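If you want the building blocks of each chain, they are given just below.
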Amino acid sequence: MDSSAKPLAGRVALVTGATRGIGAAIALGLAEAGAHVVALGRTQGALEALDDSIFAATGEHATLVPLDLREADGLDQLGAALHQRWGKLDILVGAAGVLGALTPVGHLDPKGWDMIMSTNLTANWRLIRAMDPLLRASDAGRALFLTSSVAKTHRAFWGGYAASKAGLEAIVDCYADEMENTPVRALCVDPGAMRTKMRSGAFPGEDPMTVPAPETIVPYIIDLVRPDREPPKGVARFKERGQESASLG
């Protein structure tokens, strides 16, 4: 692959939720576009499988970080380690998330609510907090977080997940506004319906072959994080024709 086909050559990219679904597809795609990928996930074995795929495609290894996003001290330590090794972070992709129970709001279990919020909202705030100095040190820092259509549509039984994504969009919008006069750009990305384990849990009767594979969004993500392009403000929505059901990010 020639240099013109590697628009992210020399960039350092941190991807959370990198062991499966959209996160794994993005991690591999960023590596193929030339970035060095720092892959964060909870399972060492799944991270090693991702690294095998990255090495097979690029001849380079990723940096693997087995960590539960809800371990706030671990995120702070990761920020310090990235600073020591590279002194910057060019790309941050927050792809980790949990669906939680689809149930009436009055039936939500407090522990389940806390899990949804700690993973989908609080962990991403802590991620921004830990990585902000590194993103500012980049000549064109890019921070992307996966959201969902239910952050706006507020569907019945989706209260916990919808609230977490609405909160995520709000905090990312605030951060983006704060970064207006810096080289950092932040936004949320609604991937639309994708063929993932999370979606199969939400729509068990759906034929997975009727929705796009996660790999289809990768070129779009690469365009959003390129240093020579200005991403849109707010929520960027990636839609494939025929998608009408709720998106999950």
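Quantities reported herein were computed from a predicted structural model and do not represent experimental measurements. (Residues numbered from 1 in each chain as written. Predicted model: local features only at pLDDT ≥ 70, side-chain atom pairs only at ≥ 80, totals over all residues. Heavy atoms only, no water.)

## Digging into the confidence of the model for the protein
A low pLDDT score tells you not to read the predicted coordinates there in detail. Considering every residue of the protein, the mean pLDDT works out to 91; 93% of them sit at 70 or more. Confidence drops under a pLDDT of 50 for residues 240-245, and excluding neighbours within four residues, the segment shows 10 contacts in the predicted structure. (pLDDT = per-residue confidence, 0-100. Contact = heavy atoms within 4.5 Å.)

## Describing the sheet that holds strand β4 (residues 91-94)
An order of β3-β2-β1-β4-β5-β6-β7 is seen for the 7 strands of this open sheet, with the pairing classed as parallel. If you trace the sheet from one side to the other, it starts and ends with β3 (63-66) and β7 (235-237), each paired once. The sheet shows a mean angle of 20° between the axes of neighbouring strands, direction not considered. With 3 bridges joining them, strand β6 (residues 185-190) and β7 adopt parallel strand pairing. (Pairing = 2+ DSSP bridges. Helix = DSSP H or I, 4+ residues; strand = E, 2+ residues; numbered from the N terminus. Axes fitted to C-alpha atoms, helices over the stretch in contact; angles between N-to-C directions.)

## Details of the pattern of salt bridges
Tallied over the entire structure, the rule returns 11 salt bridges. Three or more residues are tied together by salt bridges with common partners; here these are R11, K88, D90 and D139. (Salt bridge = Lys/Arg side-chain N within 4 Å of Asp/Glu carboxyl O.)

## Topic: the packing of aromatic side chains
All told, the structure shown has 2 aromatic pairs when counted by the stated rule. Each ring, one from W158 and one from Y161, has its centre 6.2 Å from the other, and the planes form 65°; the classification is edge-to-face. This pair shows no difference in class: W158 is buried, exactly as Y161 is. Their ring planes at 35° and their centres at 5.4 Å tell us that Y220 and F238 sit as a pair that is tilted. Here Y220 is found in helix α8 (residues 218-225), whereas its partner F238 is found in the segment after β7, with 18 residues between them in sequence. Taking the relative accessible area as the measure of exposure, Y220 reaches 24% and is therefore partly exposed. (Phe/Tyr/Trp six-rings, centres within 6.5 Å; stacked < 30°, edge-to-face > 60°. Buried < 20%, exposed > 50% of the residue type's maximum accessible area, 1.4 Å probe, protein only.)

## Some words on the packing of helix α4 (residues 110-137) against helix α6 (residues 159-178)
Relative orientation of the contacting elements α4 and α6 amounts to 15°, with a least axis distance of 8 Å. With respect to their mutual orientation, α4 and α6 come out roughly parallel. Note on packing geometry: the crossing formed by α4 with α6 is right-handed. Across the interface between the two elements, W113, I116, M117, N120, L121, N124, W125, I128, D132 and L135 from α4 touch G160, Y161, A163, S164, K165, G167, L168, I171, V172 and Y175 from α6. Among the residues making up the contact of α4 with α6, the classes are represented as 13 nonpolar, 5 polar and 2 charged. (Parallel < 35°, antiparallel > 145°, perpendicular 65-115°, else oblique. Left-handed = near helix turned anticlockwise from the far one by under 90°. Nonpolar A, V, L, I, M, F, W, Y, C, P; charged D, E, K, R; others polar.)

## Structural notes on the packing of helix α1 (residues 21-32) against α8
Packing of α1 against α8 leaves a shortest axis separation of 9 Å and a crossing angle of 60°. Taken together, the axes of α1 and α8 are oblique relative to one another. Both α1 and α8 take part in a crossing whose hand is right-handed. Two secondary-structure elements touch here, α1 through A25, I26, G29 and L30 and α8 through V218, I221, I222 and V225. For the contact of α1 with α8, the per-class residue count stands at 7 nonpolar, 1 polar and no charged.

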